[in-house]
Amino acid sequence: MSWQTVIGLEVHVQLATRTKMFCGCPTGYGEAPNTSVCPVCLGLPGALPSPNAEAVRLGVIGALALGCEVHPTSVFARKNYFYPDLPKGYQISQFDQPLATGGAVMMESPERGPIAISITRLHLEEDAGKSIHDRIPGYTAIDLNRAGTPLAEIVSGPDLHSPAEARAYLVTLRQLLVYAGVSECSMEKGSLRVDANLSIRRPGAPLGTKTEVKNMNSFANVERALESERRRQLALLEAGRQVTQVTLTFNAGTGAVKPLRSKEDSHDYRYFPEPDLPPLVLEPSWIAAQQAGLAELPVARRNRYELDFALSAYDARVLTQEPAVAGYFESVVAAGVDAK
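Q: How do you make sense of the overall build of the protein chain when you look at a structure like this?
A: Within the protein chain, the secondary structure is distributed over seven helices and 16 strands. Against the globule reference of 20 Å for 340 residues, the protein chain gives a C-alpha radius of gyration of 21 Å, in line with a compact fold. Along the three orthogonal principal directions, the C-alpha set of the protein chain runs to about 60 × 55 × 40 Å. For the protein chain, with 340 residues in total, the buried portion stands at 49%. Within the protein chain, contacts between residues at least 6 apart in sequence are counted, and of these 69% link residues at least 24 apart. Summing over all exposed atoms, the protein chain offers an accessible surface of approximately 16,300 Å²; the carbon and sulfur share of this is 55%.

Shown next, in the form of structure tokens:
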């Protein structure tokens, strides 16, 4: 009897703001370590957070671009865990009352054709700092420049059934977010990061035990890591053994996954409402205004190219892969050049 792979992705997208989520420190890339910091993002006693209005706006735009329902009231929460790159000992995130829920991404599956991947939730949170293991021999260095950087976490449903589908979903999701102006989505700069959950089951059976793969720095490596983890789980199940719920890391050099630690559940983080921040309340009229001002998204632009310029579906898809290329094409056509 065959096995079915089940994959869900958690995508962390850095929002395109000039300053951090709860303070005024800059979010520029490539600054000297530990220079873009202040008492708030260092977690010093007495420092109080203040939400970044532009980060909230971009989070709402991202949610609307994904077809989510944006909730007029959402709540920031403390997510407690203890790593050296999180100086407060907790991350300000959202838990049981997120910014938005219930969207979908339409995509082209390499195996199944056009499919819809559900979006369970989009919530706002701050990033942690960065642990650097190769700077000082025998030690781990910490750079807190990223601590407090505004993120939108986008959680898909368990709707993907192959590593190739996961890669295709990420390409489609990135394109949507770039078109909407939410983020530049550069994996090289860390502004898009992926955690992948994978389990295996018999078709029609309940979901199997899932594992989570972290630390992937390209869409190609997401696909490679999931292929490796699928092989590992299949070998266990075919041998009559059980899959253990663990968090894994992927070694791009060897192409193998390696367990890091047992995988946490939500109760391990001891979430509770952030006492230093009131609920985030958005006026329905303001949400409607963001919906009305939403940029033209890739599917709408492709359809327009086919209708207005009589282009093939292939030509329209190639031209709209990046908004800068599409904008250049339209400028050339507007100057009088034949569209084809």
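Q: It is not clear to me how the sheet that holds strand β4 (residues 76–80) should be interpreted in this structure. Could you clarify?
A: Strands pair in a sheet through their backbones, by hydrogen bonds, and they do so in one of two ways: parallel or antiparallel. Ordered by their spatial adjacency, three strands build an open sheet running β5-β4-β15, and the pairing between neighbours is antiparallel. The outermost strands of the open sheet, each flanked by one partner alone, are β5 (90–94) and β15 (272–273). Where β4 meets β5, five bridges bridge the pair, whose relative direction is antiparallel. Residue Ala-77 lies in a different strand from β5, and its bridge partner there is Ser-93.

Q: Sorry, what's going on with the pattern of salt bridges here?
A: Note that side chains of opposite charge can pair when their charged atoms are close. Going through the model one piece at a time under the given rule, you end up with 19 salt bridges. Between Arg-78 and Asp-276 there is a salt bridge, with the nearest N and O atoms lying 3.4 Å from each other. Placement of the pair is Arg-78 in strand β4 and Asp-276 in the loop between β15 and β16 (280–281), with a sequence separation of 198 residues. Under the relative-accessibility criterion, Asp-276 is labelled partly exposed at 32%.

Q: Help me out: how do you make sense of the side chain of Glu-125 in this one?
A: Its place among the elements puts Glu-125 in strand β7 (residues 113–126). The side chain of Glu-125 is buried and forms no salt bridge, while Lys-79, the nearest opposite charge, is found at 5.3 Å. Looking at Glu-125, its side chain comes within polar contact range of the side chain of Ser-93, at 2.8 Å. At a separation of 3.2 Å, a polar atom in the side chain of Glu-125 contacts the side chain of His-123. With residues near it in sequence (within four places) discarded, Glu-125 still touches His-12, Met-21, Gln-91, Ile-92, Ser-93, Thr-149, Pro-150, Leu-151 and Glu-153.

Q: Quick question: what am I supposed to make of the state of the cysteines here?
A: The bond known as a disulfide is covalent and runs between the sulfur atoms of two cysteines. Scanning the model with the defined rule gives zero disulfides in all. Cysteine Cys-23 shares no disulfide, and the gap to the nearest cysteine sulfur, in Cys-38, comes to 3.7 Å. Owing to a relative accessible area of 14%, Cys-23 belongs among the buried residues under this scheme. With no disulfide of its own, Cys-41 has Cys-25 as its nearest cysteine by sulfur position, at a separation of 3.8 Å. The exposure class assigned to Cys-41 is buried, which follows from its relative accessible area of 6%.

Q: I'm lost on the environment of Ala-288 in this one. Help?
A: The topology assignment puts Ala-288 in helix α4 (residues 284–292). Sequence spacing of Ala-288 and Val-70 is 218 residues, and the spatial spacing of their C-alpha atoms is 9.9 Å.

Q: How do you make sense of the environment of Gly-148 when you look at a structure like this?
A: Its location among the elements puts Gly-148 in the loop between β9 (141–143) and β10 (150–156). Sequence separation between Gly-148 and Tyr-314 is 166 residues; the distance between their C-alpha atoms is 41 Å. Those residues in contact with Gly-148, other than ones at most four positions away along the chain, are Lys-20, Met-21, Phe-22, Glu-126 and Asp-127.

Q: Mind showing me how you'd approach the packing of aromatic side chains here?
A: Two measures describe an aromatic ring pair: the distance that separates the ring centres and the angle between the ring planes. According to the stated counting rule, one finds eight aromatic pairs in the structure shown. Aromatic side chains Phe-22 and Phe-76 sit 5.5 Å apart centroid to centroid with 85° between the ring planes, which places their arrangement in the edge-to-face category. Of this pair, Phe-22 sits in the loop between β1 (4–14) and α1 (53–65) while Phe-76 sits in strand β4, and the two are 54 residues apart along the sequence. In this structure Phe-76 comes out as buried when scored by relative accessible area, which is 2%. With centroids separated by 5.9 Å and ring planes inclined at 65°, the aromatic side chains of Tyr-81 and Tyr-269 adopt a geometry described as edge-to-face. Of the two residues, Tyr-81 is situated in the loop between β4 and β5 and Tyr-269 in the loop between β14 (256–262) and β15; the sequence distance between them amounts to 188 residues. Across the pair, Tyr-269 and Tyr-81 agree in class, each one buried. Here the aromatic residues Tyr-81, Tyr-83, Phe-95, Tyr-269 and Tyr-271 are joined through ring pairs into a cluster of three or more. The ring of Trp-3 has Arg-202 lying over it, and the distance from NZ or CZ to the ring centre is 3.6 Å.

Q: Hey, could you run me through the nonpolar core in this one?
A: Considering soluble globular proteins, one finds that nonpolar side chains tend to be buried as a cluster. Ranked by size, the top nonpolar core spans 78 residues in total, and within it Leu-9, Val-70, Ile-154 and Tyr-169 carry the most contacts. When residues of this core are assigned to their parent elements, the largest contribution, ten residues, is made by helix α2 (residues 163–180). Each residue touching Leu-9, except ones within four places of it in the same chain, is listed here: Ile-154, Val-155, Ser-156, Leu-160, Ala-166, Tyr-169, Leu-170, Val-194, Asp-195 and Ala-196.

Q: How should I be thinking about the sheet that holds β1 in this particular structure?
A: Spatially, nine strands are ordered β2-β6-β7-β10-β1-β11-β12-β13-β14 in an open sheet, and the strand pairing comes out mixed. Unpaired on one side and paired on the other, β2 (69–70) and β14 mark the two borders of the sheet. Alignment of β2 against strand β6 (residues 100–109), held across two bridges, turns out to be antiparallel. Directly across from Val-70, in β6, lies its bridge partner Ala-100. Its contacts with the sheet put α1 on β2, β6, β7 and β10, and the angle it makes with β7 is roughly 165°.

Reading the values: the criteria
- Residues numbered from 1 in each chain as written.
- Predicted model: local features only at pLDDT ≥ 70, side-chain atom pairs only at ≥ 80, totals over all residues.
- Heavy atoms only, no water.
- Helix = DSSP H or I, 4+ residues; strand = E, 2+ residues; numbered from the N terminus.
- Rg over C-alpha atoms; globule rule 2.2 N^0.38 Å.
- Buried < 20%, exposed > 50% of the residue type's maximum accessible area, 1.4 Å probe, protein only.
- Contact = heavy atoms within 4.5 Å.
- Areas by Shrake-Rupley, 256 points an atom, 1.4 Å probe, with all protein chains shown as cover.
- Pairing = 2+ DSSP bridges.
- Salt bridge = Lys/Arg side-chain N within 4 Å of Asp/Glu carboxyl O.
- Lys, Arg positive; Asp, Glu negative; His and termini not counted.
- Polar contact = N/O pair within 3.5 Å; in protein donor to acceptor, adjacent residues only side chain to side chain.
- Disulfide = S-S within 2.5 Å.
- Phe/Tyr/Trp six-rings, centres within 6.5 Å; stacked < 30°, edge-to-face > 60°.
- Lys NZ or Arg CZ within 6 Å of the ring centre and 35° of its normal.
- Core = buried A, V, L, I, M, F, W, Y, C linked by side-chain atoms within 4.5 Å.
- Axes fitted to C-alpha atoms, helices over the stretch in contact; angles between N-to-C directions.

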